[in-house]
Amino acid sequence: MSRKRGIRQQYINVFLVSLLIAVIGMGSMYKYVKNSWTDLEEARQESFEKAQLVELISNSIQDLFFRIRGYYSFQIEGELNGAFQAFQDIHTYSRQYKSLSLNAEEQKMIGEIDNFLTEYENGTFPKAIQLVADNDYEGLRELAKNGSNLSVNRFIEYANEYNLNAQEELSQSYAQTKKQTNVFFLLITLLSFAFLLIPIYMVWNVINRVVRPVEKITYAADQYETEGKILFQPITREDEIGALSQAIHKMMQRIQTNEQELLAQNEELISQQDELFNRQTKMEYALSEARFSRVRLERYNGLSHLLSLSLDKQEVCDQTSDYLDTIYQSDLSFLWFPKSNVSSLKGMSEKFFEEVKQERMEYIKLRLEKEPYFVIKREADYEKGVAGNTTFVYDFVAGIYNSENELNVISILSRIGKPFTEDDQTDLYGLLRRIAISVDRIEQYELISHERQLNQNILDNINEGIQFVSSTDEDDQYNAALFELLGMEHKKWPRDKWTEYFLQRISEPEQYKKFLNEALDPENQEFRNYSYIVSLPSAESRVMNVYSVPIVIQGDKVGTIFVHRDMTHEHEVDQMKTELVSTVSHELRTPLSSILGFSELLLNKEMDEKRKKRYLETIYNEATRLTALINDFLDLQRMESGRLAYTVEEISLVDLMRQTVDNLETQSSLHNIKIQDITCASMVAADRDRMIQVFTNILSNAVKFSPNGGDVNVTLWNQQDSIILSITDQGIGIPKEDISHLFEKFYRFDNSYSRKIGGTGLGLSICQEIIKDHNGRIWIESEENVGTTVFITLPLKQQLPTGPVNLDKPLVNVVEDNVNIALLLGEELANNGFSVIHHSTVDQAFSCMQRMQPAAVVVDLKLSGNENGWELIRKMKEQKETASIPVIISSSLEKEPQLMKEFKIEHYLTKPYSLQDLSSTLMETVQRADGRILYPDSE
């Protein structure tokens, strides 16, 4: 078949011709429109430029004559220069205008303007300038009447008319452009319509030449399919349709020829297909079983791995529950470890699970005591959903007991309409036993971990340093206290490095090494003890004691424990005892020797009265010294046992110091004790006798350690809420390195003069304890060979406000130990018409209430001296005359429900609060006589 006669080639030719026509048409139209618009645009642009230049020339000419007239009138040089510039502008614009394409009228007009300007610029204008210079304005007027301006006026009129014409030409140009645009769109429409005819023709041709023959072939094929007859004659055409019809006709004939053979083969294939289908069904079932077994085996292996390695009971519970639900297809289930209360639920809420435990667990436990597992068959209730017929639910219940006969694992699986087989029950119980073993292993591990951590915590928190040295190759073990005691870095030390570093830090390392070797001897199983001194990098040396304990298991020594104890304090106490014995023996023997010696002289020798008196005075002074020494020892013993008692009262520290100085002035004629009082308040709460003891000790030291005499200056001054006292001498002073040790018991700095003075070294230590017990502080500043100053600071006794009581106003008793708050409350209540009286103790306040019967009482629950406001309230309620007094509680303490209920407390006022709340509450309750206790609410 020739390709020229083919349908495809025919339509390709038609398409190519159509495309060529379209390209030529569109190109011609585009070129036509572009040329038309270009010509119009050039003409419009030229007209616009002409109009613009004409306007510029007109404006420049007007500007020229405006400036010339200005120059004529006022002779301003600037106007003259502007006129010359206007000439230049007009010539420039004229040249630009003449460069354009001009018609005859335009050329004539621009020529007249050029001639006029040339004549005016070269002739008339210079004459006018000269006339102006000569002030010949009459000649100037004659010059202006000669008609030289007519050309200019005609040009200006021409310019105006030209502008109007230019605008009209532009309008005509736009109209022509619009017209051409319409023509262009008309051509496009016509061309589009022409192009539309081409696809219409092609569609019509396709329908006649392709679609209709194909429809005939299709109809013949359908008829052959339904009736089995060939009703189709091939189309005689030399194209694809003809070839297709002939091929289909031949195919129908061939199909009809082989149809009987195919039918026979089809019947045979159908019989074989049934057999293959049966085999395929069996194979798919076997494959499904194998796949399910593989998945089940994989899940079981994963679960076995988890049960073997996991230490998380919740993870074991969740994973096992998922496995059971997947493999055994349960609808409802729970797995519960009762001992640790770990559970995993499916298809039930926590609330329902709690109900099962409370209501059914007793029955389940009773059944499990008799049989390890059982199945309950029950009729479904909510489980059957919307099913109308009877449905049964099968509950498989199993429990595993541990070695202590405690229920360790409980599992319930429920299936709706699917009973559990014997194999299912056996497999489930076996799996639960494995889970119970895993849970027991986890619990054993947790117990071991807890005990290990407990033992480690015990070792780390005891004061002794513990070191375990193994007899095998195991690493040595240390607790944290050992590193702290020895000042070593807390890290893992190899034994060799530990020993080397440790021996470098202690005294007598060779002796310790010998002790260490003996203690580590495998044959040595004896308890050993050793003491050493260790040097610390950032502190004083410590005296340590270490003892070794062999660890023997089944007759073999597996290691040695070394326990290091800090014996520094015991060592210091032993030294202190030694010093005490030495000091006491010396200090007691010296006055006793004097007393015995002078007593023996008085008894055995005759002497005059003067010598007797001197000896008796010596005996008296030594006895007094001995008494003071014994009293110091007794005070020291009371302080250490916490039994030193004080009688606190309000005293003036200035008066007490004067009294002490008066008692001491008779003891030395070389010293002058001066008191300087610059205080504004000196009342303190203190024990008079103990403070005299402190002052006497310090003044005595000032006198003793000033052997050459001199002034002892005592100064007292105030600082905020405290009083400060300083005692300064001009004595031997104290070395700087000894000042920090002066308040230590039995300490006496090493000085040749101090050794002559003697003493126990207890005085300043006792003074410090007394001052501390009075909430004060004592310290020393000194310089050798210059003098020493002892400072003492004590808190001032705050005084509650006092004032006259106005019985014409309601009396309020404020019970408050804080002076500032008492003053604040008093001011607020006084400003609101109340008379206020203050107390800080329960007894004083209650006695005042009994005498004065106040209108109300404001009580703080926490008072001085560990007193409690509740004691005052209880006393008031127990006495008839005070039970009805209204009480308002003002406190910073939290509510006490029991006491609130006992005393019927309704409200609460917490510090800090608005003072207005207190005043308003008092005003509301002062008229009541019900004795209610009020806690006003504070917003």
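Note: the structure precedes this text.
Residues numbered from 1 in each chain as written. Predicted model: local features only at pLDDT ≥ 70, side-chain atom pairs only at ≥ 80, totals over all residues. Heavy atoms only, no water.

Q: Give me the lowdown on the sheet that holds strand β12 (residues 671–677), citing residues and values where you can.
A: The strand order across the open sheet formed by five strands is β12-β14-β15-β17-β16, and the pairing between neighbours is mixed. Each of the sheet's edge strands pairs with one partner strand only, and the pair in question is β12 and β16 (777–783). Shown here is a sheet whose adjacent strand axes are inclined to one another by a mean of 15°, direction ignored. Here β16 runs beside strand β17 (residues 787–795); their pairing, made up of seven bridges, is antiparallel. When the sheet's bridge partners are listed, Glu-781 is paired in β17 with Thr-789. (Pairing = 2+ DSSP bridges. Helix = DSSP H or I, 4+ residues; strand = E, 2+ residues; numbered from the N terminus. Axes fitted to C-alpha atoms, helices over the stretch in contact; angles between N-to-C directions.)

Q: Can you break down the nonpolar core residue by residue, with the values?
A: Of all hydrophobic cores here, the largest spans 39 residues; its most connected members are Met-691, Phe-695, Ile-727 and Ile-792. Contributions of two or more residues to this core are made by α16 (653–664), β13 (683–687), α17 (688–704), β14 (710–719), β15 (722–728), α19 (763–773), β16 and β17. It is α17 that provides the largest number of residues to this core, a total of seven residues. Residues in contact with Ile-727, not counting those within four places in the same chain, are Met-657, Ile-698, Leu-699, Ala-702, Val-712, Asn-713, Val-714, Thr-788, Thr-789 and Val-790. (Core = buried A, V, L, I, M, F, W, Y, C linked by side-chain atoms within 4.5 Å. Buried < 20%, exposed > 50% of the residue type's maximum accessible area, 1.4 Å probe, protein only. Contact = heavy atoms within 4.5 Å.)

Q: Could you give an account of the pattern of salt bridges, with specific residues and numbers?
A: For the coordinates displayed, the defined rule picks out eleven salt bridges. In this structure, Arg-565 engages Glu-464 in a salt bridge whose closest nitrogen and oxygen atoms are separated by 3.7 Å. Of this pair, Arg-565 sits in strand β10 (residues 556–566) while Glu-464 sits in the loop between α10 (422–461) and β6 (465–470), and the two are 101 residues apart along the sequence. Residue Arg-565 is classed as partly exposed on the basis of its relative accessible area, which comes to 27%. By relative accessible area, Glu-464 is classed as partly exposed at 26%. The salt bridge partner of Asp-711 is Lys-674, with a shortest N-O separation of 3.6 Å. Of this pair, Asp-711 sits in strand β14 while Lys-674 sits in strand β12, and the two are 37 residues apart along the sequence. (Salt bridge = Lys/Arg side-chain N within 4 Å of Asp/Glu carboxyl O.)

Q: Describe helix α12 (residues 495–505), naming the residues involved and giving the relevant values.
A: Those residues of α12 not exposed but buried are Trp-498, Phe-502, Leu-503 and Arg-505. Projected down its long axis, α12 carries its buried residues within an arc of 155°, all on one side. Exposed side chains of α12 directed beyond 90 degrees from the buried face belong to Asp-496, Lys-497, Glu-500 and Gln-504. For α12, the secondary structure elements touched by its buried residues are β6, β7 (477–478), α11 (480–486), α13 (509–520), β8 (528–534) and β10. (Arc of directions from axis to C-beta.)

Q: Report on the pairing of strand β2 (residues 342–346), specifying residues and quantitative values.
A: Here five bridges tie strand β1 (residues 332–337) to β2, and the two strands are oriented antiparallel to one another. For Trp-336, the partnering residue across the bridge sits in β2 and is Ser-343. Once β1 ends, the chain turns through four residues before running back antiparallel as β2, passing Asn-341 with a positive phi of about 55°.

Q: Tell me about unusual backbone geometry, residues and numbers included.
A: The backbone phi angle of Asn-775 is positive, close to 60°, even though this residue is not glycine. Position of Asn-775 relative to the elements: it lies in the loop between α19 and β16. Here the phi dihedral of Gln-853 falls at roughly 50°; this positive angle occurs in a residue that is not glycine.

Q: Give a detailed account of the packing of aromatic side chains, specifying residues and quantitative values.
A: Under the definition given, this model contains 18 aromatic pairs. On the basis of an interplanar angle of 40° and a centroid distance of 5.8 Å, the ring pair of Tyr-373 and Phe-396 is categorised as tilted. Here Phe-396 lies in strand β4 (residues 392–401) and Tyr-373 lies in strand β3 (residues 373–379), a separation of 23 residues in the sequence. Assessed through its relative accessible area of 0%, Phe-396 is described here as buried. Judged by centre distance (5.2 Å) and plane angle (35°), the ring pair of Trp-493 and Tyr-501 falls under tilted. Looking at Tyr-501, the relative accessible area reads 29%, which means it is partly exposed. Of the aromatic side chains, those joined through ring pairs into one cluster are Tyr-478, Trp-493, Trp-498, Tyr-501, Phe-502, Tyr-512, Phe-515, Tyr-530, Tyr-532 and Phe-562. Above the ring of Phe-374, the side-chain terminus of Arg-367 is found at 3.9 Å from the ring centroid. Here the guanidinium or amino end of Lys-377 rests over the ring plane of Phe-392, the centre of that ring lying 4.5 Å away. (Phe/Tyr/Trp six-rings, centres within 6.5 Å; stacked < 30°, edge-to-face > 60°. Lys NZ or Arg CZ within 6 Å of the ring centre and 35° of its normal.)

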